[in-house]
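# Fold and geometry: a report
Here are the chains, one letter per residue:
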Protein chains: 2
Amino acid sequence: MGFPAITSPRNQKVKTTVKLRRRKHRGKQGRTLIDGARELSRALSAGVNVTEIYFCPDLCNTVESRRLLEQLDEFAMDIYEVTENVFEHLAFGDRAEGLLAVAIPPDLGIKDLSLPENPLIAVVEGIEKPGNLGAVVRSADGAGISAVVVADQTTDLYNPNAIRASLGTVFTVPVCTATSKEVYDWLQKNGVTIFATSANGKNAYTDVDFHFPAAIVLGSEATGLSTVWGDTEINTINIPMHGLADSLNISNAAAVLFYEAQRQRSQKSVRPLAGQTPCA
Amino acid sequence: MGFPAITSPRNQKVKTTVKLRRRKHRGKQGRTLIDGARELSRALSAGVNVTEIYFCPDLCNTVESRRLLEQLDEFAMDIYEVTENVFEHLAFGDRAEGLLAVAIPPDLGIKDLSLPENPLIAVVEGIEKPGNLGAVVRSADGAGISAVVVADQTTDLYNPNAIRASLGTVFTVPVCTATSKEVYDWLQKNGVTIFATSANGKNAYTDVDFHFPAAIVLGSEATGLSTVWGDTEINTINIPMHGLADSLNISNAAAVLFYEAQRQRSQKSVRPLAGQTPCA
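Below: a short report on this structure. If you're wondering where the values come from, they're calculated on a predicted model, not measured in any experiment. (Residues numbered from 1 in each chain as written. Chains lettered and ligands numbered in written order. Predicted model: local features only at pLDDT ≥ 70, side-chain atom pairs only at ≥ 80, totals over all residues. Heavy atoms only, no water.)

## Some remarks on the overall build of chain A
We apply this condition: Where helices and strands are cited, they refer to DSSP runs of H or I of at least four residues and of E of at least two residues respectively, numbered from the N terminus. For every residue, the accessible area obtained with a 1.4 Å probe (protein chains only) is divided by the maximum for its type, and the residue is called buried under 20%, exposed over 50%, and partly exposed between those limits. The criterion used for residue contact is that any of the two residues' heavy atoms lie within 4.5 Å. Method for areas: the Shrake-Rupley scheme with a 1.4 Å probe, in which residue coverage is limited to the protein chains shown.
Each helix and strand counted, chain A has nine helices and twelve strands in total. Dimensions of chain A, computed from C-alpha atoms along their principal axes, come out at roughly 70 × 40 × 35 Å. Taken across its 280 residues, chain A has 53% of its residues classed as buried. Contacts in chain A between residues far apart in sequence, at least 24 positions, make up 81% of those at least 6 positions apart. Here chain A has roughly 12,200 Å² of accessible surface; of this, 48% comes from carbon and sulfur atoms.

## What to know about the sheet that holds strand 2 (residues 32-35) of chain B
Residue and element names in this part refer to chain B. Rule in force here: In this scheme, strands are said to pair when DSSP sees at least two bridges between them. Helix axes are fitted to C-alpha atoms over the stretch in contact, other axes to C-alpha atoms as well, and angles between N-to-C directions run from 0 to 180 degrees.
One open sheet holds the five strands; their spatial order is 1-4-3-5-2, and the pairing between them is mixed. Here the strands that pair on one side only, and so sit at the sheet edges, are strand 1 (5-6) and strand 2. Examined bridge by bridge, strand 1 and strand 4 (residues 78-82) share two bridges and lie parallel to one another. Each bridged residue has a counterpart across the sheet, and for I6 the counterpart in strand 4 is V82. Sheet strands in contact with helix 3 (residues 37-45) are strand 2, strand 3 (49-55) and strand 5 (99-104), and its direction is about 120° off that of strand 2.

## Here's the deal with the sheet that holds strand 9 (residues 193-197) of chain B
Two orientations exist for strands paired in a sheet by backbone hydrogen bonds: parallel and antiparallel. Residue and element names in this part refer to chain B. Judged by pairing direction, the sheet is parallel, and its seven strands sit side by side in the order 8-7-6-11-9-12-10 without closing on themselves. Whereas interior strands pair on both sides, the edge strands pair on one side only; in this sheet they are strand 8 (175-178) and strand 10 (203-204). Of the strands in this sheet, strand 6 (120-125), strand 7 (147-151), strand 8, strand 9 and strand 11 (214-218) are in contact with helix 8 (residues 180-189), which crosses strand 6 at around 160°. This element, helix 9 (residues 250-266), spans strand 6, strand 9, strand 11 and strand 12 (235-238) of the sheet and lies at about 165° to strand 11.

## Quick notes on the pattern of salt bridges
Short version of the rule: Any carboxyl oxygen of Asp or Glu that lies within 4 Å of a side-chain nitrogen of Lys or Arg is treated as forming a salt bridge with it.
Inspection of the entire model under this criterion finds 20 salt bridges over all chains. The partner of E260 of chain A in a salt bridge is R263 of chain A, and the shortest N-O contact between them spans 2.8 Å. Taken as a pair, E260 of chain A and R263 of chain A lie in helix 9 (residues 250-266) at a separation of three residues, close to a single helical turn. When the shortest N-O distance is used, the salt bridge between E64 of chain B and R67 of chain B registers 2.9 Å. You can see E64 of chain B and its partner R67 of chain B sitting in helix 4 (residues 63-71), three residues apart, about one turn around the helix.

## Things to note about the pairing of strand 7 (residues 147-151) of chain A
All names here are of chain A. Worth spelling out the cut-off: Orienting the strands away from the viewer, one traces the path from the first strand over the helix to the second; a clockwise path indicates a right-handed crossover.
For strand 7, the tally of buried residues reaches five of five residues, placing the bulk of the element in the interior. Two elements, strand 6 (residues 120-125) and strand 7, share five bridges in a ladder whose sense is parallel. The partner of V124 across the bridge, within strand 7, is V150. Taking the sense of rotation as the criterion, the β-α-β connection linking strand 6, helix 6 (residues 130-143) and strand 7 turns out right-handed.

## Description of unusual backbone geometry
One non-glycine residue, D152 of chain A, lies in the positive phi region at around 45°. You will see that L167 of chain B, though not glycine, has its phi angle at about 55°, which is positive. Among the structural elements, L167 of chain B can be located in the loop between helix 7 (160-165) and strand 8.

## Quick word on the pairing of strand 9 of chain B
All names here are of chain B. With respect to burial, strand 9 is a largely interior element, four of its five residues being buried. Sheet analysis places strand 9 next to strand 11, joined by four bridges and oriented parallel. Bridging from a neighbouring strand, T193 pairs with A214 of strand 11.

This is how it looks when you write it as structure tokens:
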């Protein structure tokens, strides 16, 4: 391999790249950072527009990172070999398996989503922490959710920490952003039953039926769901809280709901609803 | 209220307290930090030995923090009113609702755990991130888990970030630390069925029966479970992964498992196991 080498953290490219840790600069440059080997692999497989790759051979010590290293010759973007010192500077202290990339994040609107038959959709509104957003997408990937819609976003979907916490699945699970009103209208138009999660939700999440086209809507821990979801026709669900805390962490709540929906769907018959006898 | 005031971040008490952000000093001083109002309330209700409270009235802007502020006169520990500058110094940038406390964390061993009839126990082995550990305890609180055992700990149970992520439930849910071998022996002795979670687990987690005394064992994302749990007599379970990632974040996996166990237990009859027909 013979790639241009960068040995100083004061290199202009390094300075421009480091700035992408800040949202303002991500917006200005229209780019984001991808830390880690699995994350970069998934972005590449998904056809994300990766513009630069920085690698530090001495830090590439996982199977996945070494595999990527061997493929670098085949890639067409700008690739730089950097010293450990430069890498740690770029990676903000995280070692990220010696691989970091700059990418132009996808920009999908809700109308670009193509849904499978009988979709199961996750809507997260006003989620604040990138790590939580990434973990929600990771659980959506695991549970086989059709799409994740980030409504009224307060963090950017392609925040480097969200990408990392999603293990790169933010590039492979269909995701998009929209206003809550747009999401609501789109779900109604597509005949998707809405289940809005709230501490005061009418039914326990295990007592509703997720067999049909359904959207699970979750709000921020601080403020709950916005009034868009206050329509009396909307089904509200709760996760029973047996202890002292009045809610789960949003990514944990999402995982519980996604997997219950999937559990129901993996059963052949429609399960009995609340009030009915299971095996009469 | 008339409490001693601290106006300088160079105050010796402040310096000693700030050091508790580092594990080494928590060990040396035998103390930890509790950030936030709900967290402190729960510690106090649980009878935790809180030795000092620092408060900044201007930052106490939540219902819970104002409520605590009104009770300060009744408390017997050392209490200091601090300036905003001093508080931000103590709270490491987190505003923590203007309340921070120093406490001697409980030190429970596995033999101190008193279990209810038909217990449902969570065992987390080698968990690395305090935030994940705290989120696991928060989900355990929510799902009504009987006890959380931290096996072969790599992070300290009462790390301030674990306390914060647990919303203080680490003080109210029965928790303890032990070696994995001790936990294994204790579970065997108490007739608790072990379900070890792994990507290669034999049964889907929804196809096993959690109605009886059960322990859900989870390993670290990086290394999985240790050989202690490799006994061929142990039931192994998996969480089906429908996407590209091969695992969930540990706190999300824990939440899914805890809530499935609780869902089964809330049903009156024992549910059919894999291979049996649900309503024959």
